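Summary of the model geometry
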Amino acid sequence: DAKTTQPPSMDCAEGRAANLPCNHSTISGNEYVYWYRQIHSQGPQYIIHGLKNNETNEMASLIITEDRKSSTLILPHATLRDTAVYYCIVTRGGYNKLIFGAGTRLAVHP
Amino acid sequence: GAVVSQHPSRVICKSGTSVKIECRSLDFQATTMFWYRQFPKQSLMLMATSNEGSKATYEQGVEKDKFLINHASLTLSTLTVTSAHPEDSSFYICSGLGSGTDTQYFGPGTRLTVL
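A few points on the structure.

Parameters at a glance
- Residues numbered from 1 in each chain as written.
- Chains lettered and ligands numbered in written order.
- Predicted model: local features only at pLDDT ≥ 70, side-chain atom pairs only at ≥ 80, totals over all residues.
- Heavy atoms only, no water.
- Helix = DSSP H or I, 4+ residues; strand = E, 2+ residues; numbered from the N terminus.
- Rg over C-alpha atoms; globule rule 2.2 N^0.38 Å.
- Buried < 20%, exposed > 50% of the residue type's maximum accessible area, 1.4 Å probe, protein only.
- Contact = heavy atoms within 4.5 Å.
- Areas by Shrake-Rupley, 256 points an atom, 1.4 Å probe, with all protein chains shown as cover.
- Lys, Arg positive; Asp, Glu negative; His and termini not counted.
- Charge placed at Lys NZ, Arg CZ, Asp CG, Glu CD.
- 1 Å grid on protein atoms, 1.4 Å probe; cavity = no way out; pocket = protein on both sides within 12 Å on 5 of 7 lines; lining within 4 Å.
- Points joined across faces, edges and corners; volume = space filled by probe spheres on them.
- Nonpolar A, V, L, I, M, F, W, Y, C, P; charged D, E, K, R; others polar.
- Pairing = 2+ DSSP bridges.
- Axes fitted to C-alpha atoms, helices over the stretch in contact; angles between N-to-C directions.
- Buried area = accessible area lost by both parts, 1.4 Å probe.
- Salt bridge = Lys/Arg side-chain N within 4 Å of Asp/Glu carboxyl O.
- Polar contact = N/O pair within 3.5 Å; in protein donor to acceptor, adjacent residues only side chain to side chain.

1. Details of the overall build of chain A
A count of helices and strands for chain A gives zero helices and nine strands. Listed by position from the N terminus, the elements making up chain A come as β-β-β-β-β-β-β-β-β. Its C-alpha atoms give chain A a radius of gyration of 13 Å, within 12% of the compact-globule value 13 Å for 110 residues. Expressed along its principal axes, the backbone C-alpha trace of chain A runs to roughly 40 × 30 × 25 Å. Expressed as a percentage of its 110 residues, the buried residues of chain A come to 44%. Considering only contacts in chain A between residues 6 or more positions apart, those separated by 24 or more positions represent 56%. Total accessible area on chain A is roughly 5,700 Å²; 49% of this is exposed by carbon and sulfur atoms. Between the centroid of the 10 positive side chains of chain A and the centroid of its 9 negative side chains there is a distance of 6 Å.

Have a look at this one:
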């Protein structure tokens, strides 16, 4: 599975959009981009995933560049409860294992 | 989204004893379940992959005789830490993958402390 690169930490003001970048320059054509987050002392929570097209759900939006070498997770109106470690993972999905990197520690402040 | 539960959420045991952790998929049938562990201030590390009705596949460096995994039904997998030692103290997390889906859903985790 392709490796990903994320900034170790980011800050965001409550109510503002949080834009979390991820680089995955070695992604293969059949690999998806998955985003999970882990709030302290809890199991990871699935957020969103995509292959080529941009995706949106009730939690977030995922913007994937045309060359698929990078993506951005957007939390449109961050709240204090969005403070967590966010993991960008590239995988073929399904039975294929998830390789967790260090992720981005997002701190949302008042 | 799909819901996965774990029991117990927290366990403290004495060195040398065995501990069993249960992972259940509550609203879907998990043909495949994964077991991870996470040490303090580190990321999740995959330990093993189990498919219902067959033997688990362990990651390199994970002792299969120490971490016994059973996936006897489509909604239940168990991880037994045998002869636990203080270095086995960790946060153990399972995930389930439903038939026909691409996404793993995680349980809330079990914190094991071995004294």
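2. Here we look at the layout of surface pockets
Space inside the largest pocket adds up to approximately 570 Å³. Contributions of two or more residues to the lining of the largest pocket are made by β8 (84-91) and β9 (104-109) of chain A. Ranked by the residues each element gives to the lining of the largest pocket, the list is headed by β8 of chain A, at three residues. Tallied by class, residues from the lining of the largest pocket come to 10 nonpolar, eight polar and three charged. By volume, the second largest pocket amounts to about 350 Å³. If you go around the second largest pocket, you meet 22 residues; those closest to its centre are Pro 44, Gln 45 and Tyr 46 of chain A together with Ala 2 and Tyr 105 of chain B. Of all the secondary structure elements, the ones that give two or more residues to the lining of the second largest pocket are β3 (32-38) and β4 (45-50) of chain A together with β10 (104-106) of chain B. Partitioning the lining of the second largest pocket into residue classes produces 12 nonpolar, eight polar and two charged.

3. With respect to the sheet that holds β8 of chain A
Residues and elements named next belong to chain A. Sheet architecture is open: five strands sit in the order β1-β9-β8-β3-β4, paired in mixed fashion. Every other strand in the sheet has two partners, leaving β1 (9-13) and β4 as the edge strands with one partner each. Strand-to-strand twist of the sheet, defined as the mean angle between neighbouring strand axes without regard to direction, takes the value 25°. Looking at chain direction, β3 and β8 are connected through seven bridges and run antiparallel. Bridged to Tyr 36 within β8 is Tyr 87.

4. Describing the interface of chain A and chain B
Chain A puts 19 residues into the contact, and the matching count from chain B is 22 residues. A buried area of about 1,500 Å², summed over both sides, lies between chain A and chain B, and 53% of it is on carbon and sulfur atoms. By the criterion of area lost to chain B, the three top residues of chain A are Tyr 95, Lys 97 and Phe 100 of chain A, representing 31% of everything that side buries. Between chain A and chain B we count one salt bridge in total. Measuring nitrogen to oxygen at the nearest pair gives 2.8 Å for the salt bridge that ties Lys 97 of chain A to Glu 59 of chain B. On inspection of chain A and its partner chain B, the count reaches six residue pairs in polar contact (both at pLDDT 80 or more). Every element with two or more residues in the side of chain A that touches chain B is listed here: β3 and β4 of chain A. A total of four residues in the side of chain A that touches chain B trace back to one element, the largest contributor, which is β3 of chain A. Along the lines of polarity and charge, the residues of the side of chain A that touches chain B split into nine nonpolar, nine polar and one charged.

5. Focus: the pattern of salt bridges
Two side chains bearing opposite charge may form a pair once their charged atoms approach each other closely. Residues and elements named next belong to chain B. Following the criterion strictly, the structure yields four salt bridges over all chains and no others. For Lys 66, the salt bridge goes to Asp 88, with nearest N and O atoms at 2.9 Å. Here Asp 88 lies in the loop between β8 (76-81) and β9 (90-98) and Lys 66 lies in the loop between β6 (57-58) and β7 (67-73), a separation of 22 residues in the sequence. Asp 88 shares its class with Lys 66; the two are buried.

6. What about the environment of Met 10 of chain A?
Residues and elements named next belong to chain A. Considering the arrangement of structural elements, one finds Met 10 in strand β1. Distance from Met 10 to Val 108, taken between C-alpha atoms, is 8.6 Å for residues 98 residues apart in sequence. Met 10 has contacts with Asn 19, Leu 20, Pro 21, Thr 104, Arg 105, Leu 106 and Ala 107, leaving out every residue within four places of it along the chain.

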